[in-house]
Protein chains: 2
Amino acid sequence: MTNKILIVGGVAGGASAAARLRRLDENAEIIMFEKGPHVSFSNCSLPYHLSGMVEDSKSLVLSTPETFKKRFNIEARVNSEVININREKRTIMVKDAVTGNTYEEGYDKLILSPGAAPIRPGSIEGIHNKNVFTVRNVVDIEQLNAYIKENDLTDVAVIGGGFIGVEVAENLRLAKLNVSVIEFADQIMTPYDYDMAQIFHKEMVDHGVNLIVNDGLAKINDGSIETQSGKQIMVQAVVLAIGVRPETRLAEDAGLEIGETGAIKVDHNYVTSDSNIYAVGDAIEVYHRLLHKPALLALAGPAQKQARAVADHIYGIPNRNLGVIGSSSIHLFDLNAASTGLNVRTADKAGYSWDSVYILPADKVGLMPNSNVMHFKLVYENPTGRILGAQAIGKGNIDKRIEVIATMITMNGTLEDLKDLELTYSPMLGTAKDVVNHAALVALNQLYGKYREVKVAQVRELVENNAFIIDAREQNEYNAGHLKNAVNIPLSEFRDRLDEIPKDMAVYVHCRSGQRSYNMVMALKNLGFTNIFNISGSYLGISLYEYYNDLVTDREKIVTTYNFK
Amino acid sequence: MTNKILIVGGVAGGASAAARLRRLDENAEIIMFEKGPHVSFSNCSLPYHLSGMVEDSKSLVLSTPETFKKRFNIEARVNSEVININREKRTIMVKDAVTGNTYEEGYDKLILSPGAAPIRPGSIEGIHNKNVFTVRNVVDIEQLNAYIKENDLTDVAVIGGGFIGVEVAENLRLAKLNVSVIEFADQIMTPYDYDMAQIFHKEMVDHGVNLIVNDGLAKINDGSIETQSGKQIMVQAVVLAIGVRPETRLAEDAGLEIGETGAIKVDHNYVTSDSNIYAVGDAIEVYHRLLHKPALLALAGPAQKQARAVADHIYGIPNRNLGVIGSSSIHLFDLNAASTGLNVRTADKAGYSWDSVYILPADKVGLMPNSNVMHFKLVYENPTGRILGAQAIGKGNIDKRIEVIATMITMNGTLEDLKDLELTYSPMLGTAKDVVNHAALVALNQLYGKYREVKVAQVRELVENNAFIIDAREQNEYNAGHLKNAVNIPLSEFRDRLDEIPKDMAVYVHCRSGQRSYNMVMALKNLGFTNIFNISGSYLGISLYEYYNDLVTDREKIVTTYNFK
């Protein structure tokens, strides 16, 4: 008996499922339905059309119905909206957008991959104006790009500082437009903690983006927008990138179970509450293995894995379902960044007993060309040392460190495992002790109580309260810029200047990147100073942490001059 | 009681041990002895002085005795050769190279970090000429560089195609010299299998290196060298990079146990056969966790880990010893490469039941700038699916994929684990299904018997024996270059041309990079063709595999035109 399998929606989920199904069964009848004109396109590459990095929008389209037919003998019907499911009859109703006709199609198995739709808050005045755009597919990005180019736009606002908002802003900026980004939260890029996000904030303003956090879109006027705090910004177009909502209408109408997150509920095998209907991709909720509960995760990698698992399940091949951890990366102007697992905020919210370290090592041997500081934050469980997540930002090979952490999380690794990893090294590509080994060593020192640290976010309070802060750098470094009330006692001199260091109060030590202060902290501890703290992040981290808020508020600076390298 | 700890040798092992010891004990008396003038330098960066990438050789020196003294209160005595150990008295005899004086120094604990010395086969005529160099330290590289510059050399031979030989050759070539590399084995870079090494061979000849394999140095004349096969090569200087030999003299003379590999034998804690003497770095043998036996591993990362473990052990801190797996990377002209664990050759020699896959995916989304093909080979145990090793070569983020495999090996991961890993993705940095996920899927298909493949090395024989080979690419691709007797049946046409495919003989399928052939192989299998093989590596892999040997021999080509991208 021939299997007839219908797939609603293409792109990462649907197209992957279709191709895998064909490899498993040459005789199955496989039909994909896509509402829009493109059955398979590079979703994540859409923003790059705005800068011209992807010049021809046609190259965003990965496969046409013709290729699907010829290569895979799969029928892909574009401009075909599936408007309802009759579960009893095992049929769907399809509407042809070109002819307007509707027709029924029967199935043995149905796979839903409808994705998620950009949120467009209807209550905001002007939200439906023709100069207000969202970015979901090739048609959207073509329309936005055409509107900008044809009307010679100079000023655009992007609402929302998540992945899409940030990438759209970057690419508009690369196309020489004036770009404002309005973010409701106190930071953009929420997979990153607030301290790490300050690096993004600096990168945005350094590249001329008008970044506004803690504010929302209130109203869209003709030629301007108004924020909730009352700011007026002159813009000729608005891109909404506030977030996405799982496309559940079809599933809901068919009476399929919806989960607590508002997305389609599926079991281990991505089967919905109807055993003949599967669902994958951004429309479903997935099990988060660190949060131990259902979560939304609109990412292409997991969607592809789910699609393959569904095809396998239809043909009786068992699949493990390890849940998700949430790994992602982004390129932003001159920065690369990546994160995986939990950050401090999500770990805390989930009730974990956590701690973290933030280190700033060189990404490759310092004397090699293009050696740069990498910002690396590791979150772990206390006291087990289990690795919970990491975030890394810098200019070079950032993501490779996060892949190692993602692998460690999946393999239930601890700080001891991470410390012992034997990774590759050559001077052009890394350092003998890799960033992740380094982070594990620092974290173990903290976990085992070998030394204590304060976080970069606490430094302002220390300065304001006149805490005793030692700057362990050399005098010329200190003179070039330092914390306002820090005492300069270089590592190279402190053994002769111990009498300057108080024993009856807390002492905080920093240097440039944390290496020298670590050595001083350990020495002072061994010398009987009991109330010694290393300042995590050191002067580089402090400079970055303070920079953006110094810029956008009128508060007093705690540094005389920043140092960013 | 104050601990007095003496360290013989600086660089990765000795200097790391010293700094860690100081952090553990502010009062210990720590003295390092270094035969040469530099106590700590970037060993792995030495070759980059030859091209001027590291212009000032002084920057290769990472720390001076002054810095050690001031920052760490560690005494570093340079130009101080330790000539023997009196284990009973717990003293060493030191010879001051400047004054010629010798003196005794007592110890509580002694750490040996003497490294390994370049091999200089005394039997070769001319081997001690003044224009024959080795590269071990800053003085060596300064002398080589000065000799080249001062004498305006134009032609240099490098003997040996390991890491140092290859990096020296690259940097000499970047300095516009004519460079010959003579390698005794049939390939350079032995951490890589023969098929992967062909990519290095092409890179070398593409950049104008005169690469000679299967040949050795026989004789050094005035102005030329003679190889064992009788080749005369006009060169004005020779760099010996044949390999290194652990520096065991001091240990042997002191009666310390030497292991089966010829290096110093140590226990779990890097204690030698004398409980007051430790040894670390290139002079010791380490336990290889995949080979289950002692091995030599001259790498900086493991040396640093050993050094830290020794310092910890002296102060009663326990350390795990997971053994080594052998992870390394290299940058060579336009290529990055990395490897970890076992390759096919070492897995086979160790008696493993192994299999491998070789895939050629894009390293990032194809339509992004700088997207390139990555060559990735994964070796695993059959039937357990345990991951044994991997090799990757390409232009982009190569090493990140190998770090994941190194992590997997350490965490005892299998192909199923690798397939399920949730790694980061953004179009500028990778692909939704990462290279390592992809390799695991292909390997699982093979392991589970879903399809069979032949290796790229077997293709010549297939062509010569007139095997039935299908080229599944489109006709225009076939016309641009193809295997001499391949039949062009594009994936997009084969379902209508099934009658052209024989059922009574083996059928081999390839395309450009393996994706289309995989789909065709699966379809044919499902259509009842039972004797179907995918050609691993596909046309890109075949082109690379054949290129170098086609160039240096007069054998007949099996391709009409190569395709490398």
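Structure report, in brief. (Residues numbered from 1 in each chain as written. Chains lettered and ligands numbered in written order. Predicted model: local features only at pLDDT ≥ 70, side-chain atom pairs only at ≥ 80, totals over all residues. Heavy atoms only, no water.)

Our next topic: the packing of aromatic side chains. Scanning the model with the defined rule gives 18 aromatic pairs over all chains in all. Arranged with centres 5.3 Å apart and planes meeting at 75°, the rings of Tyr547 of chain A and Tyr562 of chain A form a pair that is edge-to-face. Remark: Tyr562 of chain A occurs in the segment after α16 (538–552) and Tyr547 of chain A occurs in helix α16; sequence separation between them is 15 residues. Like Tyr547 of chain A, the residue Tyr562 of chain A is buried in the burial classification. Geometrically, the ring pair formed by Tyr547 of chain B and Phe564 of chain B is edge-to-face, given 5.4 Å between the ring centres and 90° between the ring planes. Of this pair, Tyr547 of chain B sits in helix α15 (residues 538–552) while Phe564 of chain B sits in the segment after α15, placing them 17 residues apart in sequence. For Phe564 of chain B, a relative accessible area of 31% gives the class partly exposed. Residue placement shows Lys202 of chain A over the ring face of Phe564 of chain A; its charged tip is 4.0 Å from the ring centre. Cation over ring: Lys503 of chain B sits above Phe529 of chain B, and NZ or CZ is 4.8 Å from the ring centre. (Phe/Tyr/Trp six-rings, centres within 6.5 Å; stacked < 30°, edge-to-face > 60°. Helix = DSSP H or I, 4+ residues; strand = E, 2+ residues; numbered from the N terminus. Buried < 20%, exposed > 50% of the residue type's maximum accessible area, 1.4 Å probe, protein only. Lys NZ or Arg CZ within 6 Å of the ring centre and 35° of its normal.)

This next bit is on the pairing of strand β12 (residues 155–159) of chain B. Residue and element names in this part refer to chain B. Burial runs high along β12: four of the five residues are buried. Sheet topology places β12 next to strand β13 (residues 178–182); five bridges connect them, and they run parallel. In the sheet register, Asp155 faces β13, and the bridge partner there is Asn178. Between β12 and its parallel partner β13, the chain crosses via helix α4 (residues 163–174), and the hand of that crossover is right-handed. Inspection of the sheet shows β12 paired to strand β18 (residues 237–240) by four bridges, in the parallel sense. (Pairing = 2+ DSSP bridges. Right-handed = clockwise from strand over helix to strand, strands pointing away.)

So, about the packing of helix α1 (residues 11–24) of chain B against helix α7 (residues 300–314) of chain B. Residue and element names in this part refer to chain B. Between α1 and α7, the least distance of the axes is 8 Å, while the angle of their chain directions is 35°. For the pair α1 and α7, the crossing hand works out as right-handed. On α7, the residues that touch Ala12, Gly13, Ser16, Ala17, Arg20, Leu21, Arg23 and Leu24 of α1 are Ala300, Ala303, Gln304, Ala307, Arg308, Ala311, Asp312 and Ile314. (Axes fitted to C-alpha atoms, helices over the stretch in contact; angles between N-to-C directions. Left-handed = near helix turned anticlockwise from the far one by under 90°. Contact = heavy atoms within 4.5 Å.)

By themselves, these figures tell us nothing about what the structure is for.
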